[in-house]
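Structural characterization, general
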Amino acid sequence: MLPIGTLDQARDLLAALEARGLTLATAESCTGGLIAAALTAIAGSSSVVMAGFVTYSNAAKMRMVGVGAAALDTHGAVSEPVAREMAEGALREARVDVALSCTGIAGPGGATPGKPVGLVFIGCARRDAATVVERHVFPGDRAAVRAATVAAALRLAMPG
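These lines cover the structure that appears in this document, whether it is placed above or below. (Residues numbered from 1 in each chain as written. Predicted model: local features only at pLDDT ≥ 70, side-chain atom pairs only at ≥ 80, totals over all residues. Heavy atoms only, no water.)

1. Some points on the pattern of salt bridges
Using the criterion set out here, one finds three salt bridges in the structure. Where aspartate 8 meets arginine 11, a salt bridge forms, and the shortest distance between an N and an O atom there is 3.0 Å. Pair noted here: aspartate 8 and arginine 11 are both in helix α1 (residues 4-19), with a separation of three residues, about one helical turn. The shortest N-O distance in the salt bridge between arginine 84 and glutamate 80 comes to 2.4 Å. Highlighted residues: arginine 84 and glutamate 80, both in helix α5 (residues 80-94), separated by four residues, approximately one helical turn. Looking at arginine 84, the relative accessible area reads 28%, which means it is partly exposed. (Salt bridge = Lys/Arg side-chain N within 4 Å of Asp/Glu carboxyl O. Helix = DSSP H or I, 4+ residues; strand = E, 2+ residues; numbered from the N terminus. Buried < 20%, exposed > 50% of the residue type's maximum accessible area, 1.4 Å probe, protein only.)

This is the structure:
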């Protein structure tokens, strides 16, 4: 369950994108579709949200949104290059104006040296603009990391 504030963020983002005639897609790993769920919890979201890819495995990242094996082999799934390729792939595959991605370690396990629980990379690709990727280390348990990721992704996609 997402906090009410997150649903308010989703509503605000949808309104801002709709006012500009923009469409959106997501490519999610550590959130398992929660970004798309937050957006589609809002009535009328279908005018903006076109697709959501849940790419939990490396194979799905490669097959569904075109993440390259080189990025996965060199940097690992939880990395800036993979978040970038996920966002750009979702933008391309869904033929939208804005695409959000996230890949991270929600916990409680999965940490490796240099990649702690809570490490998340969030990408935002926009048609005709440079892709932006943010690195976060969110505190808390699995639910807290996932909820913080959704909130940060919605903020990142808000038009400036």
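2. Points about the environment of alanine 94
Mapped onto the elements, alanine 94 comes out in helix α5. For alanine 94 and leucine 24, which are 70 residues apart along the polypeptide, the C-alpha to C-alpha distance reads 8.4 Å. Leaving out residues up to four positions away in the same chain, alanine 94 has contacts with Ala25, Ala51 and Phe53. (Contact = heavy atoms within 4.5 Å.)

3. Some thoughts on the nonpolar core
With 29 residues, the main nonpolar core has Leu24, Ile35 and Leu39 as its most contacted residues. Among the secondary structure elements, those contributing two or more residues to this core are α1, α2 (34-40), β3 (98-104), β4 (119-126) and α6 (142-157). Broken down by element, the residue count for this core peaks at eight residues, all from α6. Ignoring anything within four residues of it in the chain, the contact list for leucine 39 reads Ala10, Leu13, Leu14, Leu24, Ser45, Val49 and Leu154. Of all hydrophobic cores here, the second largest spans 16 residues; its members include Ala71, Leu72, Ala87 and Ala125. (Core = buried A, V, L, I, M, F, W, Y, C linked by side-chain atoms within 4.5 Å.)

4. Focus on α5
Between its first and last C-alpha atoms α5 spans 21 Å; for 15 residues at 1.5 Å apiece the expected length is 21 Å, and the two agree. For α5, the full list of buried residues reads Pro81, Val82, Ala83, Met86, Ala87, Gly89, Ala90, Leu91 and Ala94. The N-terminus of α5 is capped by serine 79, whose side-chain oxygen sits 3.3 Å from the backbone nitrogen of valine 82. Of the residues flanking the end of α5, it is arginine 95, one or two places downstream, whose phi is positive at about 55°. (Expected span 1.5 Å × (residues − 1). Polar contact = N/O pair within 3.5 Å; in protein donor to acceptor, adjacent residues only side chain to side chain.)

5. Some details on unusual backbone geometry
A cis amide bond, omega 5°, links glycine 107 with the succeeding residue proline 108. Of note, proline 108 is situated in the loop between β3 and β4. The backbone of arginine 95 shows a phi angle near 55°, a positive value even though the residue is not glycine. Positionally, arginine 95 belongs in the loop between α5 and β3. Among the residues examined, arginine 95 registers a relative accessible area of 71% and is labelled exposed. The phi dihedral of aspartate 128 is positive, around 65°, even though this residue is not glycine. Relative to the helices and strands, aspartate 128 is located in the loop between β4 and β5 (132-137).

6. A closer look at the packing of helix α3 (residues 58-65) against α5
Between α3 and α5, the least distance of the axes is 9 Å, while the angle of their chain directions is 35°. Residues Lys61, Met64 and Val65 of α3 form the contact with α5, whose own contacting residues are Val82, Glu85, Met86, Gly89, Ala90, Arg92 and Glu93. Its residues placed into classes, the contact of α3 with α5 shows five nonpolar, one polar and four charged. (Axes fitted to C-alpha atoms, helices over the stretch in contact; angles between N-to-C directions. Nonpolar A, V, L, I, M, F, W, Y, C, P; charged D, E, K, R; others polar.)

7. Topic: the side chain of threonine 31
Counting through the fold element by element, threonine 31 comes out in the loop between β1 (24-28) and α2. Polar side-chain contacts of threonine 31 include one of 2.5 Å to the side chain of glutamate 28.

Just distances and angles here, no functional claims.
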